[in-house]
Amino acid sequence: VGRQLLVKGEPVHLKGVNWNPVRIGGKHPEDLDFRGFVVADAELMATAGINAVRTYEPITDTEVLDILWAKDIQVVCSVYVNGNLPLDVVRERVLAVK
């Protein structure tokens, strides 16, 4: 009853983190490496009870998304962070994972 977020038809309580996988000493966004960190990070997050991640850049790699999904981790994927991108770029980012 009331407002609820449903996932697979069931109410969900999100316990999330910002996920920005960059190696130690690396810089965002040039050293962003979703593919290189997802297996280990998803395992750590699932073990810690995290069920949602927010990214600073869009994840368009479906293999990365599939690994997170397999661990029941929802993704809040940023596609239009600060309003500086042309709308056609935003549209491409959305369509890449739709």
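Preceding block: the structure.
Here is what the cut-offs are and how they apply
Residues numbered from 1 in each chain as written. Predicted model: local features only at pLDDT ≥ 70, side-chain atom pairs only at ≥ 80, totals over all residues. Heavy atoms only, no water. Helix = DSSP H or I, 4+ residues; strand = E, 2+ residues; numbered from the N terminus. Buried < 20%, exposed > 50% of the residue type's maximum accessible area, 1.4 Å probe, protein only. Contact = heavy atoms within 4.5 Å. Areas by Shrake-Rupley, 256 points an atom, 1.4 Å probe, with all protein chains shown as cover. Lys, Arg positive; Asp, Glu negative; His and termini not counted. Charge placed at Lys NZ, Arg CZ, Asp CG, Glu CD. Pairing = 2+ DSSP bridges. Right-handed = clockwise from strand over helix to strand, strands pointing away. Phe/Tyr/Trp six-rings, centres within 6.5 Å; stacked < 30°, edge-to-face > 60°.

Observations regarding the overall build of the protein
Here is step 1 of the chain: A tally of helices and strands in the protein yields three helices and five strands.
Here is step 2 of the chain: Overall, the protein shows an N-to-C arrangement of helices and strands of β-β-β-α-β-α-β-α.
Here is step 3 of the chain: Counting only C-alpha atoms, the protein reaches 40 × 30 × 20 Å along its principal axes.
Here is step 4 of the chain: Within the protein, the proportion of its 98 residues that are buried is 24%.
Here is step 5 of the chain: Summarising the internal contacts of the protein: among those between residues at least 6 apart in sequence, 51% fall at separations of at least 24.
Here is step 6 of the chain: Of the roughly 6,800 Å² of accessible surface on the protein, a fraction of 55% belongs to carbon and sulfur atoms.
Here is step 7 of the chain: Put simply, the protein has 11 plus and 13 minus side-chain charges, and the middle of one group is 6 Å from the middle of the other.

Comments concerning the pairing of strand 3 (residues 16-19)
Here is step 1 of the chain: In this structure, strand 3 lies alongside strand 4 (residues 52-55), joined through four bridges in parallel fashion. Its bridge partner being in strand 4, glycine 16 is matched across the sheet by alanine 52.
Here is step 2 of the chain: Remark: the strand 3/helix 1 (residues 34-47)/strand 4 crossover connection has right-handed handedness.

Some remarks on the packing of aromatic side chains
The description of an aromatic ring pair rests on the distance of the ring centres and on the angle between the ring planes.
Here is step 1 of the chain: Tallied over the full model, the rule gives one aromatic pair.
Here is step 2 of the chain: Plain terms: the ring middles of tryptophan 19 and phenylalanine 34 are 5.3 Å apart, the flat faces sit at 50° to each other, and that makes the pair tilted. Highlighted residues: tryptophan 19 in strand 3 and phenylalanine 34 in helix 1, separated in sequence by 15 residues. Across this residue pair, the class does not change: tryptophan 19 and phenylalanine 34 are buried.

Function-wise, these values are silent; they only describe arrangement.
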